[in-house]
Amino acid sequence: MKLVSRITGEEIEQGRTLRAREGNAAPHAWRFERIHIHRDGMHRVHVSRPGGRRGRIHRAFHPSDFGCEVRVEITWRRTLRHALRHTWMKVDDYLLAGLFALVPLAFFEHFHWSDALMSLLGMGHE
């Protein structure tokens, strides 16, 4: 999710000062903290401003109060593609490592068990 200005179309980063255009937030300048989903399912902009002795005052307003909108990026495809690629790379690495591990094992068995295998098969020295 990202907060985008309707006027300029640019993304608003966290920590940036927002000036309210309408609603209850109008007379103050607010610092953008984060975006969260309200109980009604709509997005709200969590903002704060200095509050004197009490520290900072935190509130949540609708993005349109600041002349903004929330854009939701569809990232599940990218996440799935990354997970599949990562899984395949691991499988490929393990297959290659297994292949390299079998080569010394084959040489070991060939030289150390060759006499036992030959006598077992009846091809021993006569």
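For the structure, see preceding data.
Residues numbered from 1 in each chain as written. Predicted model: local features only at pLDDT ≥ 70, side-chain atom pairs only at ≥ 80, totals over all residues. Heavy atoms only, no water.

**Q** Sorry, what's going on with the packing of aromatic side chains here?
**A** In this description, a pair of aromatic rings is defined by centroid distance and the angle of the planes. Taken as a whole and judged by the stated rule, the model has two aromatic pairs. Ring geometry for Phe61 and Phe66: centres 6.0 Å apart, planes at 75°, overall edge-to-face. Counting every residue linked through ring pairs, the aromatic cluster contains Trp30, Phe61 and Phe66. (Phe/Tyr/Trp six-rings, centres within 6.5 Å; stacked < 30°, edge-to-face > 60°.)

**Q** Sorry if this is basic, but what is going on with the pattern of salt bridges here?
**A** Side chains that differ in charge, positive against negative, can pair when their charged atoms come close. Counting across every chain of the model gives five salt bridges. Across the pair Asp40 and Arg44 runs a salt bridge, and its minimum N-O distance is 3.3 Å. Overlapping salt bridges bring together Arg6, Glu69 and Arg71 as one network. (Salt bridge = Lys/Arg side-chain N within 4 Å of Asp/Glu carboxyl O.)

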